[in-house]
Amino acid sequence: MTAARRTRTIALLGHPVAHSISPRFQQAALDAMGVDARYEAWDVEPVDLPGAVERLRSGDLMGANVTVPHKVAVFRLVDRPDALAEQVGAVNTVVNRAGVLEATNTDVAGILRSLEGAGVALKGARVALVGAGGAARAVVVAMRTAGASRVTVINRTAENAAALAPLGGVDVDMRYAPLDAEDATFRSAIRTADVVVQSTSVGMRHGPAEAETPVPGDLFRPGQVAFDLVYVPERTPFLAAAEAAGATPVGGLAMLVHQGAEAFRLWTGMEPPLDVMFTAARAALAAREHST
Ligand code: ATR
């Protein structure tokens, strides 16, 4: 007798979730690998989060991705958040192991894989990090993990930057500079950086400052890497300015796909088909472009 086959589900918990392209590239990866599973976006209001997380324990669920605004709240609802999730202070992936919910943060691996993919050596690197929000926390933990020597957090609000300082641990020299292109500390942090990471929403399509770059082009130099976590558009004003000055641009789509690929690996135990995921993600973005 053969066991009855049953299609399992992987959920994306967020609010709103309609704009997410994760269902597109995750489903493409599941299909390409012959996994009998559906990746579904669940629009979950904060008040309904405990119930949604309980559903993940069912045998039909393989796990979930978690996105805004639930990345912090989901912590106390899962059984085993790992050390990485604790360090970042946010969960983006849940794995259902026979009713026990394990949780981690694959943004850190997504950041490291994106930079590795571009051939960036992070050991001993000096990093300038623009922004101090949730994404920036994952960047600091990633830089600490990779052995960067210095991270200068450049932010509009000093208190928010200060909150990131403990994440560097004992080995990373954590510094601060104001987000002000006239400021000497800011200018020197960018000029001396091996890698400049942009983690604010500046330059994002339909965002508050879509035509702007927080780092003026004249501060970049050849040999530097400029990494923008924003992925719409693929070439942001920040990346364009960096590239014009001879720096190497790395776009946020790499981060989005790599964090998803690491989650795919955890749910399925399979090597994620990166080419399939990148192709599907680009197609989803292009389709969205034409519909708006
Ligand atoms: P995310 O989770 O994507 O990192 P977030 O936690 O809301 O989002 O963080 C947003 C970051 O972008 C913050 O560093 C914020 O600066 P403040 O700490 O001063 O609020 C920064 N940011 C957002 N809009 C900005 C703008 N128009 N100019 C400069 N910085 C901006």
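Each remark here, short or long, concerns the structure printed above.
Starting afresh in each chain, residues are numbered from 1 along the sequence in its written order. Two thresholds apply to this predicted model, a pLDDT of at least 70 for residue-level local features and 80 or more for giving and counting side-chain atom pairs, whereas whole-chain, interface and lining totals are computed over all residues. By convention in this description, side-chain values take in all heavy atoms of the structure and omit both hydrogens and water.

**Student:** Break down the packing of aromatic side chains for me, with residues and values.
**Tutor:** Each aromatic pair joins two rings of Phe, Tyr and Trp (for Trp, the six-membered one) with centres within 6.5 Å, and gets the label stacked for planes under 30 degrees apart, edge-to-face for over 60, and tilted for any other angle. The full count for this structure, using the stated rule, is 2 aromatic pairs. Directly above the ring of Trp42 sits Arg55, whose terminal nitrogen or CZ lies 4.0 Å from the centroid. When the NZ atom of lysine or the CZ atom of arginine is within 6 Å of a ring's centre and also within 35 degrees of its normal, the charge is said to sit over that ring.

**Student:** I'd like to hear about the sheet that holds strand β7 (residues 126–130), residue by residue, with values.
**Tutor:** Here, strands pair whenever DSSP counts at least two bridges between them. Secondary structure follows DSSP: runs of H or I at least 4 residues long count as helices, runs of E at least 2 residues long count as strands, and numbering of each begins at the N terminus. Overall, parallel pairing links the 6 strands, which are arranged β9-β8-β7-β10-β11-β12 in an open sheet. In this open sheet, the two edge strands, each paired with only one partner strand, are β9 (173–178) and β12 (248–250). Ignoring which end each strand starts from, the neighbouring axes of this sheet average 20° apart. Relative to β12, strand β11 (residues 225–228) is paired through 3 bridges, and the arrangement is parallel. Within β12, the position partnered with Phe227 by the bridge is Val250. This element, helix α8 (residues 237–244), spans β10 (195–198), β11 and β12 of the sheet and lies at about 170° to β11. Lines fitted to C-alpha atoms define the axes here, with helix axes fitted over just the stretch in contact, and angles between the N-to-C directions of these axes take values from 0 to 180 degrees. A contact between two residues is defined here by any heavy atoms of the two lying within 4.5 Å.

**Student:** Account for unusual backbone geometry, naming residues and giving values.
**Tutor:** With the exception of glycine, most residues fall at negative phi, and the peptide bonds are largely trans. Each neighbour pair has its own omega, and for His15 with Pro16 the value is 0°, a cis peptide bond. Even without a glycine there, the phi angle at Ala98 is positive, about 50°. As for its position among the elements, Ala98 is in the loop between β5 (93–97) and β6 (100–104). A simple rule labels every residue: compare its accessible area, found with a 1.4 Å probe on the protein chains alone, to the largest value its type can have, and call it buried under 20%, exposed over 50%, or partly exposed in between. On the basis of relative accessible area, Ala98 is assigned to the exposed category, the value being 83%.

**Student:** Quick one: what's the story with the packing of helix α9 (residues 252–268) against helix α10 (residues 274–291), residue by residue and with numbers?
**Tutor:** Between α9 and α10, the least distance of the axes is 10 Å, while the angle of their chain directions is 130°. The angle between α9 and α10 falls in the class oblique. The handedness of the crossing between α9 and α10 is right-handed. For the pair α9 and α10, the contacting residues are Leu253, Ala254, Val257, His258, Gly260, Ala261 and Phe264 in the first and Leu274, Met277, Phe278, Ala281, Arg282 and Leu285 in the second. The class makeup of the residues in the contact of α9 with α10 is 10 nonpolar, 2 polar and 1 charged. Geometric relationships in this document are graded by angle, where less than 35 degrees denotes roughly parallel, more than 145 denotes roughly antiparallel, 65 to 115 denotes roughly perpendicular, and other angles denote oblique. Here is the rule for handedness: rotate from the far helix to the near one, and if that takes an anticlockwise turn smaller than a right angle the crossing is left-handed, while a clockwise turn gives right-handed. All amino acids are sorted into three groups, where Ala, Val, Leu, Ile, Met, Phe, Trp, Tyr, Cys and Pro are nonpolar, Asp, Glu, Lys and Arg are charged, and the leftover types, Gly among them, are polar.

**Student:** Before we move on, can you summarise the site of the ligand with the specific residues and values?
**Tutor:** Around the ligand sit 13 residues in total, of which Ala132, Asn155, Arg156, Thr157 and Asn160 are the nearest. At 3.0 Å from an oxygen atom of the ligand is found a main-chain nitrogen or oxygen belonging to Ala135. Asn160 is positioned such that a nitrogen or oxygen atom in its side chain is 2.7 Å from an oxygen atom of the ligand. For the ligand, the protein covers 64% of the area, taking 650 Å² as the surface of the free molecule. Counting atoms within 2 Å of the grid points, the majority share of the ligand lands in the second largest pocket. Looking at the shell around the ligand residue by residue, the classes come out as 4 nonpolar, 8 polar and 1 charged. Proximity is defined per residue: any heavy atom of the residue falling within 4 Å of a molecule or strand makes that residue near it. Here a polar contact is taken to be a pair of N or O atoms separated by no more than 3.5 Å, where protein atoms must pair a possible hydrogen donor with a possible acceptor and residues adjacent in sequence count only if both atoms sit in side chains. Where accessible areas are quoted, they stem from the Shrake-Rupley method and a 1.4 Å probe; at the residue level, only the protein chains shown are allowed to cover. Put simply, the grid is 1 Å and covers the protein atoms alone, a cavity is a trapped set of points that fit a 1.4 Å probe, a pocket is an open set with protein on both sides within 12 Å along at least five of seven lines, and lining residues have an atom within 4 Å of a point. Grid points define the cavity or pocket, and a molecule sits in it when more than half of its atoms lie within 2 Å of them.

**Student:** An account of the pattern of salt bridges is needed here, citing residue identities and associated values.
**Tutor:** Side-chain pairs of opposite charge can arise where the charged atoms are in close proximity. One speaks of a salt bridge when a side-chain nitrogen belonging to Lys or Arg is within 4 Å of a carboxyl oxygen belonging to Asp or Glu. Tallied over the entire structure, the rule returns 15 salt bridges. Asp173 is the partner of Arg175 in a salt bridge, and the nearest nitrogen-oxygen pair spans 2.9 Å. Classification of Arg175 by relative accessible area gives partly exposed; the value is 41%. When its relative accessible area of 34% is taken as the criterion, Asp173 is described as partly exposed. A salt bridge links Arg265 to Glu262; its shortest N-O distance comes to 3.2 Å. Of this pair, Arg265 and Glu262 both sit in helix α9, 3 residues apart, which is roughly one turn of that helix. For Arg265, a relative accessible area of 28% corresponds to the partly exposed category. Glu262 gets classed as buried once you look at its relative accessible area, which sits at 11%. Members of the salt-bridge network, linked through shared partners, are Arg113, Glu116, Glu262, Arg265 and Glu271.

**Student:** Account for the layout of surface pockets, with residues named and values stated.
**Tutor:** Grid points are joined across faces, edges and corners, and a volume is the space filled by probe spheres set on the points. Taken as a whole, the largest pocket encloses approximately 1,400 Å³ of empty space. What lines the largest pocket is a set of 47 residues, among which His19, Thr67, Met204, Tyr231 and Leu256 lie closest to the centre. Of all the secondary structure elements, the ones that give two or more residues to the lining of the largest pocket are β3 (61–66), α5 (134–146), α9 and α10. In terms of residue count, α10 provides more of the lining of the largest pocket than any other element does, 6 residues in total. The class makeup of the residues in the lining of the largest pocket is 22 nonpolar, 17 polar and 8 charged. Taken as a whole, the second largest pocket encloses approximately 240 Å³ of empty space. In this structure, the second largest pocket is lined by 13 residues; those nearest its centre are Asn155, Arg156, Thr200, Ser201 and Val202. Its residues assigned to classes, the lining of the second largest pocket shows 4 nonpolar, 8 polar and 1 charged.

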